[in-house]
Amino acid sequence: MDEKHGALWIPEAQPTSTLVVEQYFQRADMLGVVWLRPDGLYRATCFTKGNDPQWRLPCWSEAGAGALLGSLKEAEAHMVRLVQSNA
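Residues numbered from 1 in each chain as written. Predicted model: local features only at pLDDT ≥ 70, side-chain atom pairs only at ≥ 80, totals over all residues. Heavy atoms only, no water.

### Quick look at the pairing of strand β4 (residues 30–36)
Buried residues dominate β4, accounting for six of its seven residues. Two strands pair when backbone bridges link them, and strand β3 (residues 18–25) and β4 are joined in this way by seven bridges, in the antiparallel orientation. The partner of T18 across the bridge, within β4, is L36. The antiparallel pairing of β3 with β4 creates a hairpin that spans four residues between the two strands, and D29 there sits at a positive phi of about 55°. (Buried < 20%, exposed > 50% of the residue type's maximum accessible area, 1.4 Å probe, protein only. Helix = DSSP H or I, 4+ residues; strand = E, 2+ residues; numbered from the N terminus. Pairing = 2+ DSSP bridges.)

Right, dumping it as structure tokens:
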């Protein structure tokens, strides 16, 4: 567990995926991420801060459904669209 941009980050339970992009969108106060999966697909999603009574800091929680995409460029574009639509 780490603190990232004022909220707790609890790593995904996908130890075989590699985090390739992590971008904080300050204006929206959201975190966009892209993972490379072992099958070669990229998983793009975004996270918002949510309160958890167990912790003092808010926790990052996934906002909406992520997507599986075939290229890093497509995944990064999708991540930005997710942030824009959830901001």
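### Examining the packing of aromatic side chains
The full count for this structure, using the stated rule, is two aromatic pairs. Measuring from ring centre to ring centre gives 6.4 Å for Y24 and W60, while their planes differ by 70°; the resulting arrangement is edge-to-face. Of this pair, Y24 sits in strand β3 while W60 is found in strand β6 (residues 59–62), placing the two residues 36 residues apart along the sequence. According to the relative accessible area criterion, W60 is buried, its value standing at 8%. (Phe/Tyr/Trp six-rings, centres within 6.5 Å; stacked < 30°, edge-to-face > 60°.)

### Some words on the pattern of salt bridges
For the coordinates displayed, the defined rule picks out four salt bridges. D39 is the salt-bridge partner of R37, the closest N and O atoms lying 2.4 Å from each other. Of the charged contacts in the structure, one is a salt bridge between E62 and R43, with a shortest N-O distance of 2.8 Å. Highlighted residues: E62 in strand β6 and R43 in strand β5 (residues 42–50), separated in sequence by 19 residues. (Salt bridge = Lys/Arg side-chain N within 4 Å of Asp/Glu carboxyl O.)

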